[in-house]
Amino acid sequence: MEEVRGRRVRLDPNKIVLTAGSTSANEILMFCLGETGDAFLIPTPYYPGYDRDLKWRTGVEIVPIHCSSSNHFRVTKVALTKAYTQAHTLNLNVKGVLITNPSNPLGTTMTKEDLDMIINFCMEKQIHIVSDEIFSATVFDSSNFISILESLQQTKFKSVKNLVHVVYSLSKDLGLSGFRVGIIYSNNERVLSAATKMSSFGLISSQTQHLVSNILGDKKFMKYYIKENTRRLKKRHEMLVSNLKRIGIHCLTSNAGLFCWVDMRHLLSSNTFEAEFELWKRILCDDESVC
């Protein structure tokens, strides 16, 4: 994690909780930070699996922070405030904001200004921040990936550190989804204590830990892998974007992740969810009677 963050952030191994993947890490944090009747604000569009991972067993609700394509889906204070107000209108107690950086599904990274704005908002409201950073080593077209931990390190408000929690895993950065290796990083002792106890229900096997420690311990390989992986991601991204452009489909400018956010509005019969569903069926099925 320090390597990907350019050694600009120093991490304390005593503040890490190992979990069976990031899915487990996110759910554990919801159990630790919220309960039925509480809510987390999440920028749109967001990973649809969050509706399962964060809500099904915890009773926590998701309130979307509606972001717009007009500013490339950047989170604004106005959008944050609207979501916060909406949650209270729904009689939900807002416990925090959850962000994905780099974004899934946009493939974009947050600027320091974006992160500072979110930190200041959450400090003002005294609510938590969960930063899902599982794509942090996939940044292929940017000078640096900025983790919320780096932004936090530079803030003058030290008390907010106990409100920030980072989720990470090796599933995307090393292509080890089936190995189920995730972590929670937090400065909050109470969260660490509770998360450690809850992680006992989803441990990483000793064999997996041994294998992964050998991989990560090979510094020469890891340096080569990260460099080569980002090179290949950039090449494939450029190939996909340029070929889509040739057939009249444009993509959101992105610099990370394993996906592209495409604009197919011109292919819709109308600006409705029904029209989107019809287009989805046309793309996936040659024979619409099968869909």
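The structure under discussion appears in the preceding block.
Residues numbered from 1 in each chain as written. Predicted model: local features only at pLDDT ≥ 70, side-chain atom pairs only at ≥ 80, totals over all residues. Heavy atoms only, no water.

### A few points about the side chain of asparagine 229
Turning to step 1, where the next piece is worked out: Among the structural elements, asparagine 229 can be located in helix α8 (residues 219-246).
Turning to step 2, where the next piece is worked out: The exposure class of asparagine 229 is buried, given its relative accessible area of 18%. (Helix = DSSP H or I, 4+ residues; strand = E, 2+ residues; numbered from the N terminus. Buried < 20%, exposed > 50% of the residue type's maximum accessible area, 1.4 Å probe, protein only.)

### Thoughts on a nonpolar patch on the surface
Turning to step 1, where the next piece is worked out: A surface patch of nonpolar side chains, about 440 Å² in accessible area, is lined by Phe277, Trp280, Ile283 and Leu284.
Turning to step 2, where the next piece is worked out: You can see tryptophan 280 is positioned in helix α9 (residues 273-284).
Turning to step 3, where the next piece is worked out: What makes tryptophan 280 partly exposed here is its relative accessible area of 45%. (Patch = residues over 30% accessible without salt bridge, like charges linked within 9 Å, V, L, I, M, F, W, Y side chains within 5 Å. Areas by Shrake-Rupley, 256 points an atom, 1.4 Å probe, with all protein chains shown as cover. Salt bridge = Lys/Arg side-chain N within 4 Å of Asp/Glu carboxyl O.)

### Quick word on the pattern of salt bridges
Turning to step 1, where the next piece is worked out: Within the structure shown, the criterion is met by twelve salt bridges.
Turning to step 2, where the next piece is worked out: In this structure, aspartate 38 engages lysine 95 in a salt bridge whose closest nitrogen and oxygen atoms are separated by 3.9 Å. Here the residue aspartate 38 occupies a position in strand β2 (residues 38-43), and lysine 95 occupies one in strand β4 (residues 93-100), the gap between them amounting to 57 residues.
Turning to step 3, where the next piece is worked out: Close ionic contact of arginine 265 with aspartate 263 constitutes a salt bridge, the shortest N to O distance being 2.7 Å.
Turning to step 4, where the next piece is worked out: Bridged by salt links that share partners, the residues Lys77, Glu124 and Lys125 form one connected network.

### A word on helix α3 (residues 77-89)
Turning to step 1, where the next piece is worked out: A rise of 1.5 Å per residue sets the reference length of α3, with its 13 residues, at 18 Å; its end C-alpha atoms lie 18 Å apart and thus fit the reference within 8%.
Turning to step 2, where the next piece is worked out: Within the sequence span of α3, burial applies to Ala79, Leu80, Ala83, Tyr84 and Ala87. Along the axis of α3, the buried residues cluster in a sector spanning 135 degrees; they form a single face. Facing away from the buried surface of α3 by more than 90 degrees, the exposed residues are Val78, Lys82 and Thr89.
Turning to step 3, where the next piece is worked out: Buried residues in α3 make contact with β2, β3 (61-65), β4 and α4 (112-125). (Expected span 1.5 Å × (residues − 1). Arc of directions from axis to C-beta. Contact = heavy atoms within 4.5 Å.)

### Let's talk about the sheet that holds β2
Turning to step 1, where the next piece is worked out: The strand order β1-β7-β6-β5-β4-β2-β3 describes an open sheet built from seven strands, whose pairing is mixed. What marks the edges here is a single partner per strand, and that holds for β1 (16-19) and β3. The sheet shows a mean angle of 25 degrees between the axes of neighbouring strands, taken without regard to direction.
Turning to step 2, where the next piece is worked out: In the sheet, β2 pairs with β4 via four bridges, with the strands oriented parallel. Note on β4: the bridge partner recorded for phenylalanine 40 is glycine 96.
Turning to step 3, where the next piece is worked out: Against the sheet, helix α1 (residues 21-33) touches β1, β2, β4, β5 (128-132), β6 (164-169) and β7 (182-186), its axis set at about 160 degrees to β6.
Turning to step 4, where the next piece is worked out: Sheet strands touched by α3: β2, β3 and β4. Its angle to β3, the strand with the most contacts, is close to 145 degrees. (Pairing = 2+ DSSP bridges. Axes fitted to C-alpha atoms, helices over the stretch in contact; angles between N-to-C directions.)

### A few points about α9
Turning to step 1, where the next piece is worked out: With twelve residues, α9 extends 16 Å from end C-alpha to end C-alpha; this agrees with the ideal 16 Å at 1.5 Å per step.
Turning to step 2, where the next piece is worked out: Taken residue by residue, α9 has Ala275, Leu279 and Lys281 as its buried positions. Looking straight down α9, one finds that the buried residues subtend no more than 160 degrees of arc, so they occupy a single side. Seen from the buried face of α9, the exposed residues on the opposite side, beyond 90 degrees, are Phe273 and Leu284.

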